[in-house]
Amino acid sequence: MATKNIEAIINPRTPHFVGDGFRVHNFIPSGNNMGSKRMDPFILLDYNSKFYFPPTDKPRGVSVHPHRGFETVTIAYKGSVSHNDSSGGGGTIAEGDVQWMTAASGILHKEYHAEEFSKTGGDFQMVQLWVNLPTKDKMSTPKYQALSNKDIARHPLDNNGSFMEVIAGTYNGTTGSASTFSPVHVFNAHLKQNGKASLDFPAHYNTALLVIEGQVTVNGKDIIPSDHFGLFKNDGTSFEIEASSDAVVLILSGEPLNEPIVSHGPFVMNSHQEIMQAIDDYNAGKFGHLEE
């Protein structure tokens, strides 16, 4: 098997706030040739690195906003978020949980720090991904997948407690908990010191990793510290990561859709005309209703 090599190790960009509750480093799309196409079908990655929020009586977050044409995937590493949408979905994403929301034809959404977390304050650490939908599925019915940590599939890696958390896709015969519209793999590697994980994806799949905790070495040569993003070339299939200290690593790989991407704020479609239609539909109230 040919080795899949690192193309770039990307430093976290200067953080900015989304609403008043999410202090994020944006990795996709950004500089370093990381436009919306480079990691297709992953078209956005915002990373709230570990950040302390003091206690407050008014939960921080993002008020009501629309989405159309893609899916949002929120992975909670520290802290908790409460959310609601106009299709009736909602709940709390606690530490270790995943929220997989298919906006598709259109949805209104809001997300705030959970009330209990807000009152106590604490470390907050999250990832939000946007996963593009194929053209044929962009106007499908919105849906929501609540993935509790206890229900997310795990594949043991060694006898020392290292394991692969399979959120979506398949790892060595272990199938992930989330259903997807195109071939997508989303894993969390939980590695003890000196723990290793071997991975294999088709060469044409766009592949990357984000080190959430600790530090890892890829293929025995490329050192990637915490809060850094490793982008792989499309030149091989297999690679290995090894942790120099206890580590958590988000691993992404997906088959590119190779379809036009036209985006405007919270709408991601295939043409400018479809974006204008999304704006018209939103203004006409076709995304439903959600209280602030």
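Preceding block: the structure.
Rules behind the numbers
- Residues numbered from 1 in each chain as written.
- Predicted model: local features only at pLDDT ≥ 70, side-chain atom pairs only at ≥ 80, totals over all residues.
- Heavy atoms only, no water.
- Helix = DSSP H or I, 4+ residues; strand = E, 2+ residues; numbered from the N terminus.
- Rg over C-alpha atoms; globule rule 2.2 N^0.38 Å.
- Buried < 20%, exposed > 50% of the residue type's maximum accessible area, 1.4 Å probe, protein only.
- Contact = heavy atoms within 4.5 Å.
- Areas by Shrake-Rupley, 256 points an atom, 1.4 Å probe, with all protein chains shown as cover.
- Lys, Arg positive; Asp, Glu negative; His and termini not counted.
- Charge placed at Lys NZ, Arg CZ, Asp CG, Glu CD.
- Expected span 1.5 Å × (residues − 1).
- Arc of directions from axis to C-beta.
- Pairing = 2+ DSSP bridges.
- Axes fitted to C-alpha atoms, helices over the stretch in contact; angles between N-to-C directions.

Peer 1: Quick rundown of the overall build of the protein? Include the residues and the values.
Peer 2: For the protein, the helix and strand inventory stands at 2 helices and 26 strands. For 292 residues, the compact-globule estimate of 2.2 N^0.38 gives 19 Å, and the protein sits close to it at 18 Å. By its C-alpha atoms, the protein is 55 × 45 × 35 Å across when sized along the principal axes. Taken across its 292 residues, the protein has 53% of its residues classed as buried. The contacts in the protein between residues at least 6 apart in sequence include a share of 72% that link residues at least 24 apart. Element-wise, carbon and sulfur atoms account for 48% of the exposed surface of the protein, whose accessible area totals about 12,100 Å². Computed over 22 positive and 32 negative side-chain charges, the separation of the two mean positions in the protein equals 1 Å.

Peer 1: Which residues make up helix 2 (residues 272-283), and what are the values?
Peer 2: Compared with an ideal rise of 1.5 Å per residue, which puts 12 residues at 16 Å, helix 2 spans 17 Å between its outermost C-alpha atoms and is within 8% of the ideal. Along helix 2, the residues that are buried comprise I275, A278 and D281. For helix 2, the buried positions fall inside an angular range of 125° around the axis, keeping them on one side. Seen from the buried face of helix 2, the exposed residues on the opposite side, beyond 90 degrees, are H272, Q273 and N283. Of the surrounding elements, those touching the buried residues of helix 2 are strand 25 (262-264) and strand 26 (267-269). Positive phi shows up at G285, right after helix 2, with a value of about 80°.

Peer 1: Quick one: what's the story with the sheet that holds strand 21 (residues 222-224), residue by residue and with numbers?
Peer 2: The 4 strands lie next to each other as 18-23-20-21, forming an open sheet whose pairing is antiparallel. With partners counted over all chains shown, the strands left at the sheet margins are strand 18 (196-200) and strand 21, one partner each. Pairwise comparison of adjacent strand axes, ignoring direction, gives a mean angle of 25° for this sheet. Of the strand pairs in this sheet, strand 20 (residues 216-218) and strand 23 (residues 238-243) are connected by 3 bridges, and their pairing is antiparallel. Bridge assignment links V218 to a residue of strand 23, and that residue is I241.

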